[in-house]
Amino acid sequence: MAEATDRASAPLHVDVIVVGAGFAGLYMLHRLRQLGLHAICFEAGAGVGGTWYWNRYPGARCDVESMQYSYSFSEELQQEWQWSERYPSQAEILRYIDHVADRFDLRRDIQLETRVTAAIYDEAGRMWKVSTDHGTEAHAPICIMATGALSAANTPKFPGLDSFEGRWFHTGNWPHEPIDFSGERVAVIGTGSSGIQAIPRVAEQATHLTVFQRTPNYSVPAWNKPLDPEQQAEWKKSYNEHRERARNTRSGILYEYSQRGAFDVSPEERVAEFERRWARGGANFTHAFNDIFVNRAANDEACNFVRDRIRSIVRDPKVAEMLLPHDHAIGTKRICVDTGYFETFNRDNVTLVDVRTTPIEAITPVGIRTSAAEYELDSIIFATGYDALTGALQRIDIRGAGGERLRDKWAQGPRTFLGVMTAGFPNLFLITGPGSPSILTNVIVSIEHHVGWVAECIAHMRAEGFTRMDAAPDAEDAWAEEVQAVASRTLFTQSNSWYMGANIAGKPRVFLPYVGGFQNYTRICQQVAEDGYRGFIFAS
Ligand code: NAP
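This write-up is about the structure you can find in this document.

## Here we look at the overall build of the protein chain
A tally of helices and strands in the protein chain yields 17 helices and 22 strands. Relative to the globule expectation of 24 Å for 540 residues, the C-alpha radius of gyration of the protein chain, 23 Å, shows essentially globular dimensions. Based on the C-alpha atoms only, the size of the protein chain along its principal axes is roughly 70 × 55 × 45 Å. Counting all 540 residues of the protein chain, 58% fall into the buried class. Considering only residue pairs separated by 6 or more positions, the protein chain has 71% of its internal contacts joining residues 24 or more positions apart. Accessible surface, the protein chain: about 21,500 Å² in total, of which carbon and sulfur atoms supply 49%. In the protein chain, 54 side chains carry a positive charge and 67 a negative one; their mean positions are 1 Å apart.

## A few points about the environment of Gly261
Within the secondary structure layout, Gly261 lies in the loop between helix H8 (239–247) and helix H9 (267–280). Classification of Gly261 as buried rests on a relative accessible area of 6%. As for Gly261 and Arg31, which are separated by 230 residues in sequence, their C-alpha atoms are 42 Å apart. Apart from residues no more than four positions distant in its own chain, Gly261 is found in contact with Phe289, Asn290 and Asp291.

## As for the environment of Ile335
Relative to the assigned elements, Ile335 resides in the loop between helix H11 (317–323) and strand E13 (336–338). On the basis of relative accessible area, Ile335 is assigned to the buried category, the value being 9%. Taking the C-alpha atoms as reference, Ile335 lies 30 Å from Leu161; in sequence the two are 174 residues apart. Not counting residues up to four positions away in its chain, the partners in contact with Ile335 are Ser193, Tyr218, Val220, Ala283, Thr286 and Ile330.

Cut-offs applied
- Residues numbered from 1 in each chain as written.
- Predicted model: local features only at pLDDT ≥ 70, side-chain atom pairs only at ≥ 80, totals over all residues.
- Heavy atoms only, no water.
- Helix = DSSP H or I, 4+ residues; strand = E, 2+ residues; numbered from the N terminus.
- Rg over C-alpha atoms; globule rule 2.2 N^0.38 Å.
- Buried < 20%, exposed > 50% of the residue type's maximum accessible area, 1.4 Å probe, protein only.
- Contact = heavy atoms within 4.5 Å.
- Areas by Shrake-Rupley, 256 points an atom, 1.4 Å probe, with all protein chains shown as cover.
- Lys, Arg positive; Asp, Glu negative; His and termini not counted.
- Charge placed at Lys NZ, Arg CZ, Asp CG, Glu CD.

Spatial relationships are all this shows, so hold off on functional conclusions.
This is the structure in C-alpha cells:
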C-alpha cells in the first residue's frame, strides 16, 4: 500500500485506522479487509505482537495453556501451528504472531515504529484525525484502539533513579539483545506475575539477587512440560468444539469449573481437591469450588492451603512468613503461576526485603536505599506492572465530539458501553476496553469476540448507510452501574489490585473490567446487536 508506507506530510486517507498491532490489532485488520475496507494500523514497536513483543524478560510465559492461547478464526491456522510446551513461552508466542502476520499478509498495512500521539474527532468532517510521533497524519471516519489492557508500563517515581550508575529495566519494555546478569548484584522490585516469573531465572544467573516485595502474592505451580504431539493431535481433532466450550465459560478458558461449594464437602475432601489441583498446576486451582470468588470463608480455605504450601517449600521460617499473603483473598489480585518461585528463596544468593515495613526511600548512584539499609546493585529490574486498561488510551490525546478530552471524561473513572465505545467519541471503538471482561479471561477469546462484534457493527453501519455511531449516555450509565454492581457481589472489590486501579497513585478506585462472566457478556452483546444495536445512536 503505497500511501501507508510513504511518510509524506500529506495525511493518509483510509476507511479505518487501527492503533496497535498485537493480537487485537492484527485480527481487526484481517476482519476489516474481509469487509473490503482500506485500513492502516499504527504500531509503536519495531515488530508486531504487542505484549509479546515488549515482554522479553527472563521467564516470560503465558499462563493460559498453549492449545487455548491462540486464534480460532482460521481452521487452517489452528491445525498447522505446532506448540511445543504446555504453556507457551514469550518467544514461541511471538513466532506464532509473526507467522499470523505473514500468513494473512497483514504487514503491508502496518506502519511499525510509529506511536500514535493524538486522535481528534473532526465533527464537521465526521473524521478521526490521527497524529503520530513521526509526524504522519491519517484521517479516517472510524478509529479502533487496539492498544492493549496491560501495555502502559508503570515505573514508580522513586527519587534518584536518574542518578543510578548501573543498568535498569522494566519487564514490560525489555531490551532485544540478550541481557546477562552473570557476576552482577541484581534487584527485582515487584512480585506480581512478571516478577514471580523473572525472579527464579535471574537468581540462576546473578551473583546475588535482592527481591523487594511490597505485597506477598499467591502463586501456584505451572508444572510446565513439553507438549505431547499425540495429545496435541488429539485435541486438534475437535478443536472447534473445545473452542466453543471455552466460549461458554466465564473466563473463556477450559478449566475444571467445580459445581460444588467449599463447604459442600468434608474438610478432608476439600484439602484433597486443593492437592489434586496443585499437582495438576495452573490457575485451575481457584476453580476448585464455585464459591471461592464470592465467599470469604471458602476463599480462606484456599488461602490457607497455599500458605501451608509456602511454609513447606521455604526452609527459613522467617522468610516463609514474609512470603505469606494475608492482605487479600486469593484470585482477587491476579493469581500467579510460577516455576520454582518459592523454592528460589532457599538459594544462598537470594535475599527478600519487605518494603512495606522498610520502604524504598531512594535510588542512589550505587543501588537502592530503604528506610533500614542501602543495597549496592549493578542492575535493577522493575516488575512494577501497568497502568491497566485506561493507561494506554489516556497516554494518547484523544478528543471526541465538541473537543472533549477522554482524560477529562474519565477523570473519575472510565465509562463505556459494553467496553467497546464511550459516549461522545463517535466511531471510536475500543478492543479490550474498560467495562469488557477482557483481562479476566483468555484475552485472545475476548479479542476475537470484541473484534468480531465491532466488524459486524461496522458492516451494519455500511449496510444501513450510517456514517456516525455513538454510545447513548443512558446506556453507558447503566453499563457502568452494572460493571460495579456485579463486581460488588464478589470479593474482587476488597483488594488493592490493578483491577481496581489501586496500583497507580491518584487513579480513581473503580473496578475496571466486567466480572459478570465472558459467556454472559457475549450474550448481552449479541442481544444488543439483535435489538438493532440498542443503546447506540446512529446517524447518516
Ligand atoms: P503487577 O501484577 O501489577 O505487579 C506489580 C508488582 O510491583 C506488585 O508486586 C506491586 O506491589 C509492585 N509494586 C508496584 N509499585 C511498587 C512500588 N512503588 N514499590 C514497591 N513495589 C511496587 O504487574 P505484573 O507482574 O507486570 O503483572 C501485571 C499483569 O500482567 C498480571 O496480573 C497479568 O494479568 C499479566 N501478566 C501475565 C503473565 C502470565 O500470563 N504469566 C505474566 C506477566 C504479566 P503491590 O502488589 O503492593 O501493588
